[in-house]
Amino acid sequence: MRNILLMGASTLLVASMATPAQAFMVDLGTGTSLEGWQISNDGGASYISPTARLDSNALWPDPFGTPGVWQGMFEFFVPDDVENVSLSIFDIGVDDRVVLSLNGTVIPGANAVIFGSVGSGVHDFGDGRGPVDFEFTGSSNWLKGDPLVTSENFIYGGVNQLIAYVNNTNTGDPAALPVDEVELTAFFMQAEVNGDPKAPTSVPEPSSFISLLGLSVMAGLCKLGKSVLS
C-alpha cells in the first residue's frame with residue numbers, strides 16, 4: 001500500500017508542477033554577433049560567411065569590395081514558449097544606404113543613408129526589379145537613446161530572417177543609383193530580439209493539492225482493497 005500511495009502522490013506532484021520558460025534574447029549586432037551574419041555579395045540570395053570587417057563593430061561583405069547591391073542576412077530561432085517578442089534597433093550605420101526587413105516585410109523606419117540624409121529616393125533590393133521608389137527616414141547615426149522597436153511579423157517556433165539590403169552609391173543622395181564598380185562598403189547595427197517567458201501552467205493552491213492528494217490516497221486504498229478481496 002505504501003508504494004501505491006507514494007506512486008499516487010508523486011504522480012500528482014509532477015502533474016501539478018510546470019517548468020517556466022526562460023527569458024529569450026538574441027544579439028543581432030554586427031559587432032558582437034558577426035558569426036551569425038551571412039553575406040550575399042552579388043546582390044542575390046547566394047549567401048556566404050563574411051570575409052572581412054571594417055573594425056570590431058562593422059560588417060564588410062568582401063575585403064576587396066562588392067558590387068553596388070548586396071545583402072546581409074541574420075537567421076535566428078524564436079521558440080514557441082515565449083511571448084511579446086520584439087526587435088529593438090539601437091543604431092545603424094552604412095556606406096551608403098540600407099533598408100531592413102524581417103521575414104520578407106520591410107520594417108517601418110528601419111532604414112538609413114550615409115551623412116544622415118532623408119527624403120524620397122530609390123533602393124535596389126537585389127530581386128531583379130532594379131531601383132524602386134523608397135522614402136528614407138533614418139540616418140547614419142540615428143536612434144541614439146531611443147531604439148526603434150517592432151513586434152510584428154515574427155515566426156514563433158521557427159526560423160526568422162532579418163535582412164539588410166545595402167546599396168553602395170558613393171553619395172548621401174537618397175535618389176542616387178548603386179554604382180557598377182566593385183568597391184569597399186560596410187554596414188553596422190546594434191540590435192537585439194527579446195521575449196518574455198509564457199506564464200507557466202497554474203499550480204494548485206496548497207489546500208487544493210492536499211485535497212487532491214487525499215483523493216489519490218483513497219484511490220490507492222480502493223485499489224489495495226480490491227487486490228485483497230480478489
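First, a word on what this report is: a plain description of the structure on this page. As the structure is a computational prediction, the values presented were derived from the model and not from experiment. (Residues numbered from 1 in each chain as written. Predicted model: local features only at pLDDT ≥ 70, side-chain atom pairs only at ≥ 80, totals over all residues. Heavy atoms only, no water.)

**Observations concerning the side chain of Asn 111**
- Along the chain, the position of Asn 111 falls in strand S7 (residues 105-113).
- In terms of polar contacts, Asn 111 uses its side chain to reach the backbone amide nitrogen of Gly 138, at 3.0 Å. (Helix = DSSP H or I, 4+ residues; strand = E, 2+ residues; numbered from the N terminus. Polar contact = N/O pair within 3.5 Å; in protein donor to acceptor, adjacent residues only side chain to side chain.)

**Quick look at the packing of aromatic side chains**
- Going through the model one piece at a time under the given rule, you end up with 7 aromatic pairs.
- Judged by centre distance (5.5 Å) and plane angle (80 degrees), the rings of Trp 37 and Phe 74 are edge-to-face. With Trp 37 in strand S2 (residues 37-40) and Phe 74 in strand S4 (residues 69-78), this residue pair connects regions lying 37 residues apart in the sequence. An identical accessibility class is assigned to Trp 37 and Phe 74; each is buried. (Phe/Tyr/Trp six-rings, centres within 6.5 Å; stacked < 30°, edge-to-face > 60°. Buried < 20%, exposed > 50% of the residue type's maximum accessible area, 1.4 Å probe, protein only.)

**Section: the sheet that holds S7**
- Pairing is antiparallel in the open sheet, where 5 strands are placed in the order S2-S4-S11-S6-S7. Only two strands of the sheet have a single partner each, and these edge strands are S2 and S7. Here the average twist between neighbouring strands, direction ignored, is 20 degrees.
- As paired elements, strand S6 (residues 97-102) and S7 share 5 bridges and run antiparallel to each other. By the bridge assignment, Val 99 is partnered in S7 with Asn 111. (Pairing = 2+ DSSP bridges. Axes fitted to C-alpha atoms, helices over the stretch in contact; angles between N-to-C directions.)

**Some words on the environment of Asp 80**
- Here Asp 80 shows up in the loop between S4 and strand S5 (82-95).
- It is 5.0 Å that separates the C-alpha atoms of Asp 80 and Tyr 156, two residues lying 76 residues apart in sequence.
- Among all residues touching Asp 80, those that are not within four sequence positions of it are Gly 157 and Lys 198. (Contact = heavy atoms within 4.5 Å.)

**Quick word on the pattern of salt bridges**
- Going through the model one piece at a time under the given rule, you end up with 1 salt bridge.
- Salt-bridge contacts for Asp 127 lead to Arg 129; the nearest nitrogen and oxygen are separated by 2.8 Å.
- A relative accessible area of 45% means that Asp 127 is categorised as partly exposed.
- Relative accessible area serves as the criterion here: at 53%, Arg 129 is assigned to the exposed category. (Salt bridge = Lys/Arg side-chain N within 4 Å of Asp/Glu carboxyl O.)

Remember, this is a structural readout, not a statement about activity or role.
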